[in-house]
Amino acid sequence: MNLTPKTLDKGSDDDGSADDDDSTTTPPVCKIDKIDDTYYYSTLDDAITAATDGDQIDLLKDIEWYTGLEFHSKNLTISGGNTYTLTLEQYGMFAEYSEITFKDLTLTIHAAQHTYEHSAGNTANLITHSSKLHLSHVEFSLTPDKILGSGIFLEDDSDLYFEDNTYAEISGFSAEEASGIYAERYSKKGHGIWVTSSYLEVTDCDWNGMTIDPIDLTLDNADVYFTRNGTSGYGGLGCYGVGSIGGTLTMKSSTLTSTGNYGNWDGYGIYVGVLDMDAASTLYATDNEGSGIGIGNSRGDESHIYGQVVCTCNGLTDSYGGSSGFRVHVEHRDDHGTPVIYKGNVTIEPSAYVYACNNFGLAGLLNEWILNIESGATVIVDGNSQLGFANSYDARATIKSGANVSANHNDIGIYNYAGGGDQTKAKGFFLIEGDAHVTANNNATAGIYNTVENRSYGSTGKNYYTPENDYFTIEGGADISADDNGIYGICNDGGIFTIENGAIISTCNNGYDGIFNNKHGTFTMETGANVSACNNSRHGILNNDHGSFTMETGANVSACNNNSAGIFNTNSGTFTVEENVDLQVEHNKNSGIVNNASATLTLLSGSVRYNTTSTWYGGGLRNYSTATLSDDVQLYNNHATKGGDDIENGGTITFGPTGRGWELDGYPDCYDFITGWYDDYETTRWNAHGDEADLHMVLVAPVASYTGPLSLKAAHGSTGSLTVCKELDFSKKTVRFVFDF
């Protein structure tokens, strides 16, 4: 080592040798400028040893070094003056209790280990014991010379900085469980990796591109790229947030891309404990074998997304159907005897844009804990192989007032899986607030599907496994369309589904039913709700298998122009239309309302008109169970090919008189006023205008309750002098005809 300051002769040769006639010193490769003089060194290692705190070592030529670099309690800078290259072959670097800055140079490391303690950590570069490594305005390349371990190993509260227009590439660390950058054993908050005004690329690593669980990653005006990582591991970025510190990805005016990573179906292009990104940032998680991005930490810390997130074509090898494009993750697992709980809590903020489309796994967007979509945010989950927007187990999803969500062209647009998880503590829900705009159209199975797990009804018929606070609610002012889906617009399969005052819902043009309430499900249209279930290929509304369906006073509901029934209530279902509901059941092609198979229908208001059935009885109402109709129901001008134009009864029915001002609607009838209920049995159809031999006008009086066959039409009697009245005597179970001249 030569510690003697030497001044280069002004006329020296270009080889940079010292001006010493008798000197045999190796020409210097670097220097340190100090206050008293300039010191020159024939090796970089000598300069590092000689440097004191704050010194800068300036390279004087390109250096290729084969014995690695070690920094013990050093605070120094190594500069290439925007000219020179430092190459470390075979061995990388070791730093402890140090702050080292490389700047204004090209730094190439082609190594798989360092020289300290037989390459402790099994890594090319070990940064330990509260050290800081800065790459400032550096062209940086890190590749292994053999398959051994990770590229950079950070531990014991150390930090790494890529800054000031650094361009860094880390590639090829493909040993088992190796990462491009790996971090562990941290005891304090605030440590991490910073990429500032720089580019970082990590490729072809085995476990993750980065596995940095206990620390944070901060991107500021940065561009970071991960690809082809996770060969036998997880994927691109793993910043998990397990424990009390670390796991936060912060993005400021930055772009993060993770594409084409491996990791199988349970891997991730990006997994972070917390994601905080501003409106000027964009995150791409595309074409990964597993999920695109997962968010969840063991502390329950919240994530806030203001920027753009694009998650497309993920789950490429997912044969299990468990991955997703965007995943708010929750997991309860045992890690070698230690319980670990991940809980994602994500808010998609105003002006944010999340695009999770064309994914091949379970869902475009999967929420397993807490997800809030704020006013002004846009979320698009279209074209996914299975579910567009899935809310799992006792998770809580809220689409806030003014938010915009598109869930189109999936198998199911929006899927809420109530219950599950810890059944004694389940508090899951899916809430769409007022003035939110949601489309769930053109999905193969259903637009919206609300279901529960572990249904067990018992003797009371109660679903014991769905707590009352597990629900799907659409608040007033929300505008929801569930149209043009392959089977159902909305399917409530055992859950609690409520449409509140002022909500506007369209479930039209679906392949089967507009609304399907099933398996002890509770479906309520509250006062002021506005629902259209029209032009569906089967029923407008189907209530099945002990389902409870209620239209409250003041609701506005249309179930019209469906290819089968407007309303079909069956299999012990209970269907209630309260007083003063503006219910339109019109122009349906296989009866307006069907009530059968031990179902109960209470119809206290509504218009049931202009419905037909070409193959059956009861164009208006076909009842084979228990039905109660109030005087306020407008039930007339329906048509049935076989009989019972307006009412066909094979069960128990209660109905009142026809209304004032009712008129027949012309062909095949007349335009006369309706005066009462008339017999319209298959072999004795009502006829008031045919030849005398064909006339049949038997008036049937309203009844409080009647069980037995009955076919009725709201019509009028003879224009002559004969009226026949058919009275039902329940005590004797007989029919008495009264003739009045």
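Procedures and definitions
- Along each chain, the written sequence defines residue order, and numbers are assigned to residues from 1.
- Local features in a predicted model are, by the rule used here, given only for residues with pLDDT of at least 70; side-chain atom pairs are given and counted only at 80 or more, and totals for whole chains, interfaces and linings are based on all residues.
- Only hydrogens and water are set aside; all other atoms, that is, all heavy atoms of the structure, feed into the side-chain values.
- We count a stretch as a helix when DSSP gives it H or I for four or more residues in a row; a strand needs E for two or more, and each element gets its number in order from the N terminus.
- The classification of residues rests on relative accessible area computed with a 1.4 Å probe and restricted to protein chains. Under 20% of the type maximum is buried, over 50% is exposed, and intermediate values are partly exposed.
- Note on definitions: a residue-residue contact is assigned when non-hydrogen atoms from the two residues lie within 4.5 Å.
- Values of accessible area rely on a 1.4 Å probe in the Shrake-Rupley scheme; residue burial ignores everything except the protein chains shown.
- The rule for a disulfide is simple: a pair of cysteine sulfur atoms within 2.5 Å.
- Each salt bridge in this description consists of a side-chain nitrogen of Lys or Arg and a carboxyl oxygen of Asp or Glu lying within 4 Å of one another.
- Along the chain, pLDDT gives the predictor's confidence residue by residue, from 0 to 100.

Focus on the overall build of the chain
Then step 1. Along the backbone of the chain there are 1 helix and 74 strands.
Then step 2. Per-residue burial for the chain yields a buried fraction of 58% across its 741 residues.
Then step 3. For the chain, the proportion of contacts with a sequence separation of at least 24, taken over those separated by at least 6, is 77%.
Then step 4. Carbon and sulfur atoms provide 46% of the accessible area of the chain, an area that totals close to 28100 Å².

Quick word on the state of the cysteines
Cysteine pairs can be linked by a disulfide, which is a covalent bond between their two sulfur atoms.
Then step 1. Under the definition given, this model contains 0 disulfides.
Then step 2. Of all cysteine sulfurs in the structure, the one in Cys534 sits closest to Cys508, which takes part in no disulfide; the separation is 4.8 Å.
Then step 3. Residue Cys508 is classed as buried on the basis of its relative accessible area, which comes to 9%.

Here we look at unusual backbone geometry
Then step 1. Pro668 follows Tyr667 through a cis peptide bond whose omega is 5°.
Then step 2. In this structure, Tyr97 is a non-glycine residue whose phi angle is positive, near 50°.
Then step 3. Look at Asp287: it is not a glycine, yet its phi comes out positive at around 55°.
Then step 4. Mapped onto the elements of the fold, Asp287 is located in the loop between strand S26 (282–286) and strand S27 (291–295).
Then step 5. For Asp287, a relative accessible area of 33% puts it in the partly exposed group.

So, the pattern of salt bridges
Should their charged atoms come close, side chains of opposite charge can pair.
Then step 1. Counted by the stated rule, this structure contains 16 salt bridges.
Then step 2. The salt bridge partner of Asp58 is Lys31, with a shortest N-O separation of 3.6 Å. Here Asp58, found in strand S3 (residues 55–59), pairs with Lys31, found in strand S1 (residues 30–33); they are 27 residues apart in sequence, far enough to count as distant.
Then step 3. Given a relative accessible area of 14%, Asp58 falls into the buried group.
Then step 4. Residue classification places Lys31 among the buried residues on the basis of a relative accessible area of 16%.
Then step 5. In this structure, the salt-bridge partner of Asp204 is Arg228, at a minimum N-O distance of 2.8 Å. Residue Asp204 is found in the loop between strand S17 (199–203) and strand S18 (208–211), and its partner Arg228 is found in the loop between strand S20 (223–227) and strand S21 (235–239); the two are separated by 24 residues along the sequence.
Then step 6. Given a relative accessible area of 35%, Arg228 falls into the partly exposed group.
Then step 7. Each of Asp645, Asp669, Asp680, Arg685 and Lys713 takes part in salt bridges that share partners, so that together they form one network.

Concerning the confidence of the model for the chain
Then step 1. Per-residue confidence for the chain averages 90 on the pLDDT scale, and 89% of its residues sit at or above 70.
Then step 2. Overall, residues 1–24 carries pLDDT values under 50, and its contacts beyond four positions in sequence, including any with other chains, amount to 31 contacts.
Then step 3. This model gives residues 721–725 a pLDDT under 50, and the stretch forms 18 contacts once residues within four places in sequence are excluded.

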